[in-house]
Structure formats: structure tokens, C-alpha cells
Amino acid sequence: MNKKSLYINMPKKIYIRTFGCQMSLRDSEFVAGLLLDDGFTLANSIAGADIILFNSCSVRKHAEDRLISNISDLKLLKKKRPDIVIGLMGCTAQAYKDKILDRLPILDFSCGPGNESDIPKIIKDIMENRCGIVATDKINDKRPEIFPEYRQDRFRAYVSIGEGCNNFCSYCIVPYTRGRERFREIKDILKEVKDLAKRGFKEIMLLGQNVNSYMNPSRNLTAYSSKPTAKKSDFVRLLEALNAVKGIERIRFMTSHPKDASADLFKAMRDLEKVCEHLHLPLQAGSNRILKLMNRGYSAEKYLKLAGEYKAAGRIK
Ligand code: SF4
């Protein structure tokens, strides 16, 4: 059966409201792309949609409160139109698991970040069987290398290089919602970026909870470095490989962790002409006592040393 025919008698328009960081924005774009490839179309507003998805963020309480209030506001709409599908995806879905359906009974499904590739199938199941679905079991799985064509911007593209975090900062929920750190192969990232370049994209933003700890899973790096024997981090080798992609003019990345940043990264930022002069290196606190309580893994002195190395690399005056 043709994929599109699965939805022939089903509602067609999707609307996604996104809360949170660039990772969330990329996830929404990815899920929208999957659904577009499956025959759905985009709605401009909630009022015009048949499927309403909320992509959630649990990092700040304010975002979570707004999310819950936004979903609760749909009670009347759901009463008038019981056929619409309302779904939750992202970090809040993972954090609350099946409890979220008790708290927000108008939700038809809730899906953690690791299960987002399954959303088209989940929606189809709901349309056929109308039962609440919770999908949060793939929290530590590597995502399949699927790239729907849809991108929100024409020139700038988000490229996820990995997901999850092993740092367990004491104030942060991310390791519990996005799972343990796992990265994509350089060859797969390169393939995606070359494809974006062919389509006319000029700028890429590499995304990961901690891009500096990037490690090519197969450890096969020699093909991606002009000096394969030089001691460089895998992230620097990735930047070098991407810097050579024809058509791409600017490369940005976020977020960096001071614990894993080092002089070789700063030198690469100086030497690779496409890597932008923008470094997000969250200090979090200037007190060693607080940094320890936060479980950040570095001291104020180490941070100052890094800042000095960044300056010495000549990228900032
Ligand atoms: S490094 Fe960032 S994502 Fe990971 S636990 Fe700490 S604050 Fe959260």
C-alpha cells in the first residue's frame, strides 16, 4: 500500500507548537518533515489543524507551566471536535511518562525525544484505535539516519551531531529526558551537510548537549584530518571535515562545556575560516563551592585558564 493512502480518510493538517532550545526546534522540524513526507500538510494555526503537537521543554518550570496551560486551553476544542489528535513530544513527555495522560487527559499521545521517529505511526494508530499511547522506551537509542527534506529556513540549517548527556549537573533534567550521550558518525554528518550544501544552504549550526565531547562512534578518523597523527579532539576533526564542504560558508555550534573545551578547539576556531567567531561556554558560577554543588566538573580557575587560552589563540582581542 502506498504510504500516503494510509491517511486518505484521515485528517490532514498538523500544527506544532515548540517550547525550549534549538534541539527542540530541530526535533519539531524533523517531525514536521516526517509527517509531510507521509502526506500531511502544515496548518498555520491551532484552529486550522487536525493534529496538534506540543514539543515540550522541562529545563525551566515556567516553560512547563506554560505548556500545561496551553494544552489545558484546548479542552473546549477537543469537546467540540473529538476527532482532533493532540500529542505531546519532547522532554516533558519523557519526564512524566504515562503519568502525563492522568494529568492532561485530553492528550491522545505522549512521546519522548528518542521515540519521535515513530510519531507518524503513533498518529495512525490513534486514528484507527483511539486509545492513548505513551512512547518513551527509546530514551537511550541512537536515532535512525532519516532526513526528511523539510527545513524551516532556506539558508541556515540545524544539524544534530548527537544527543543526550553524561554530565548530570545537579540542577539539570536533561540526562533523564534525553538519555545518555550518543553521537553520529562523521561520515553520516558529512553526508547530511553535503546534501544541505547542494540544496543551497550556507550556514549550519551543529547541535548537541555537549558538542565538545563529540566522539566518532567508529573511531575511524584518519580520513577526516589533514594531519591524522596530530593530537586533536574528534570534534575538531569534525569541524575540519565540515570546513571543507563546498557551498557551506558558515559553521556554528552549541553548546560547549568548559570541562571538555580545550586549546585545540580554540585554534581550530582561529584557523578554520568557516567556523564563526562565536563561542558559548557557560560559566554557570564563579564560586568553586557552587560549581562543586552543581557538579560542573571544573573550577573557576580552570574556566579563567580556558578564557586565557581562547584569547591567546587570537580569536578575540
Ligand atoms: S552539561 Fe548541560 S545538558 Fe548536561 S547535565 Fe549539565 S547543564 Fe544539563
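Everything quoted here is computed from the prediction, not taken from an experiment. (Residues numbered from 1 in each chain as written. Predicted model: local features only at pLDDT ≥ 70, side-chain atom pairs only at ≥ 80, totals over all residues. Heavy atoms only, no water.)

1. Comments concerning the overall build of the protein
Condition: Labels follow the DSSP assignment, with helices taken as runs of H or I lasting at least four residues and strands as runs of E lasting at least two, numbered in each case from the N terminus. C-alpha atoms define the radius of gyration in this analysis, and the globule rule sets the expected value at 2.2 Å times the number of residues to the power 0.38. Think of it in three bands: residues with accessible area under 20% of the maximum for their type are buried, residues over 50% are exposed, and the middle band is partly exposed, with areas taken using a 1.4 Å probe on protein chains only. For the accessible areas, the method is Shrake-Rupley and the probe is 1.4 Å, while residue cover comes only from the protein chains on display. Asp and Glu are treated as the negative residues and Lys and Arg as the positive ones, with His and the ends of the chain left uncounted. Lys charges are placed at NZ, Arg charges at CZ, Asp charges at CG and Glu charges at CD.
Secondary structure summary: the protein contains 12 helices and 11 strands in total. Relative to its length of 317 residues, the protein is compact, with a C-alpha radius of gyration of 21 Å against a globular reference of 20 Å. Counting only C-alpha atoms and orienting by the principal axes, one finds that the protein spans roughly 65 × 50 × 35 Å. Within the span of the protein, comprising 317 residues, buried residues form 53% of the whole. Here the protein has roughly 15,400 Å² of accessible surface; of this, 53% comes from carbon and sulfur atoms. Charge-centre separation for the protein: the mean point of 56 positive side chains lies 3 Å from the mean point of 38 negative side chains.

2. A word on the layout of surface pockets
How we decide: A pocket here means an open set of points on a 1 Å grid, computed over the protein atoms alone, that has protein on both sides within 12 Å along at least five of seven lines. A cavity is instead a set of points where a 1.4 Å probe fits but cannot get out; residues with an atom within 4 Å of a point line either one. Grid points are joined across faces, edges and corners, and a volume is the space filled by probe spheres set on the points. Gly is placed with the polar residues, together with every amino acid not listed as nonpolar (Ala, Val, Leu, Ile, Met, Phe, Trp, Tyr, Cys and Pro) or charged (Asp, Glu, Lys and Arg). Annotation comment: domain bounds sourced from an automatic or database domain assignment.
Size it by volume and the largest pocket reaches roughly 860 Å³. Lining of the largest pocket is provided by 32 residues; of these, Val-59, Cys-172, Val-174, Gln-209 and Thr-255 occupy positions nearest its centre. Those elements that provide at least two residues to the lining of the largest pocket are helix H1 (22-37) and helix H7 (174-177). With 3 residues, the top contributor of residues to the lining of the largest pocket is H1. Tallied by class, residues from the lining of the largest pocket come to 16 nonpolar, 13 polar and 3 charged. Two domains share the lining of the largest pocket, each providing at least three of its residues, namely domain 1 (3-135) and domain 2 (156-312).

3. Comments concerning the site of the ligand
Inclusion rule: We call a residue near a molecule or strand when any one of its heavy atoms sits within 4 Å of it. Think of it this way: if more than half of a molecule's atoms are within 2 Å of a pocket's grid points, that molecule is in the pocket or cavity.
Around the ligand, the neighbouring residues are Cys-165, Asn-167, Phe-168, Cys-169, Tyr-171, Cys-172, Val-174, Pro-175, Gln-209, His-257 and Arg-296. Cavity membership is defined here by more than half of the atoms lying within 2 Å of grid points; on that basis the ligand lies in the largest pocket. Looking at side-chain class alone, the shell around the ligand contains 7 nonpolar, 3 polar and 1 charged residues.

4. Observations regarding the sheet that holds strand E11 (residues 250-254)
Cut-off, in case you're wondering: Here, a strand pair is defined by DSSP locating no fewer than two bridges between the strands. The axes are straight lines fitted to the C-alpha atoms, using for helices just the contacting stretch, and the angles between their N-to-C directions are given from 0 to 180°.
Spatial ordering of the open sheet is given by E7-E10-E11, a layout of 3 strands whose pairing is parallel. Lying at the two open borders of the sheet, with one neighbouring strand each, are strand E7 (156-160) and E11. Each neighbouring strand pair of the sheet contributes to a mean axis angle of 25 degrees, computed without reference to strand direction. In terms of strand pairing, E7 meets strand E10 (residues 203-207) through 5 bridges, oriented parallel. Bridge assignment links Ala-157 to a residue of E10, and that residue is Ile-204.

5. A few points about empty space enclosed by the protein
Applying the stated criterion across every chain, the model contains 1 cavity of 30 Å³ or more. Space inside the largest cavity adds up to approximately 310 Å³. The set of elements that each furnish at least two residues to the lining of the largest cavity consists of H1, E7, strand E8 (162-163) and strand E9 (182-183). Among the elements that make up the lining of the largest cavity, the one with the highest residue count is H1 (4 residues).

6. Structural notes on the domain arrangement of the protein
Stated precisely, the cut-off is as follows: In this analysis, two residues are considered to be in contact whenever any of their non-hydrogen atoms come within 4.5 Å of each other. Put simply, buried area is how much 1.4 Å-probe accessible surface two parts lose in total, over both of them, once they are put together. Throughout this description, the term salt bridge denotes a Lys or Arg side-chain nitrogen within 4 Å of a carboxyl oxygen of Asp or Glu.
Taken domain by domain, the protein holds domain 1 (3-135) and domain 2 (156-312). For domain 1 versus domain 2, the distance between C-alpha centres works out to 30 Å. Counting residues at the interface gives 12 residues for domain 1 and 13 residues for domain 2. For the pair domain 1 and domain 2, the summed buried surface comes to about 1,200 Å²; carbon and sulfur atoms form 65% of the total. For domain 1, the biggest contributors to the area lost against domain 2 are Gln-22, Met-23 and Arg-26; these three give 47% of the whole. The interface formed by domain 1 and domain 2 holds 1 salt bridge in total. Between Asp-27 and Arg-178 there is a salt bridge, and its shortest N-O distance comes to 3.0 Å. Among the secondary structure elements, those contributing two or more residues to the side of domain 1 that touches domain 2 are H1 and helix H4 (91-96).

7. A few points about the packing of aromatic side chains
Each pair of aromatic rings is reported with the distance of its centres and the angle of its planes. As a reminder, the rule being used: Only Phe, Tyr and Trp rings take part, Trp by its six-membered ring, and two of them pair if their centres are within 6.5 Å. Stacked means planes under 30 degrees apart, edge-to-face means over 60, and tilted covers everything else.
All chains considered together, the criterion is met by 5 aromatic pairs. Taking 5.1 Å as the distance between ring centres and 80 degrees as the angle between the ring planes, the aromatic pair formed by Phe-235 and Phe-253 counts as edge-to-face. Here Phe-235 is found in helix H9 (residues 234-243), whereas its partner Phe-253 is found in strand E11, with 18 residues between them in sequence. A single burial state applies to Phe-235 and to Phe-253, both of which are buried.

8. Regarding the packing of H1 against helix H6 (residues 119-129)
How two helices pack is summed up by the angle between their axes together with the distance between the axes. Threshold: Small angles under 35 degrees read as roughly parallel and large ones over 145 as roughly antiparallel, with 65 to 115 read as roughly perpendicular and the rest as oblique.
It is the contact of H1 with H6, at a shortest axis distance of 9 Å, that shows an interaxial angle of 60 degrees. As summarised for this structure, H1 and H6 are arranged oblique, according to the angle between their axes. The segment H1 lies against H6, with Val-31, Leu-34 and Leu-35 engaging Ile-119, Pro-120 and Ile-123. Across the contact of H1 with H6, the residue classes tally to 6 nonpolar, no polar and no charged.

9. What to know about helix H10 (residues 263-271)
Looking at H10, one finds that the buried residues are Asp-264, Leu-265, Phe-266, Ala-268 and Met-269. Buried-residue contacts for H10 involve H9, E11 and helix H12 (300-312).

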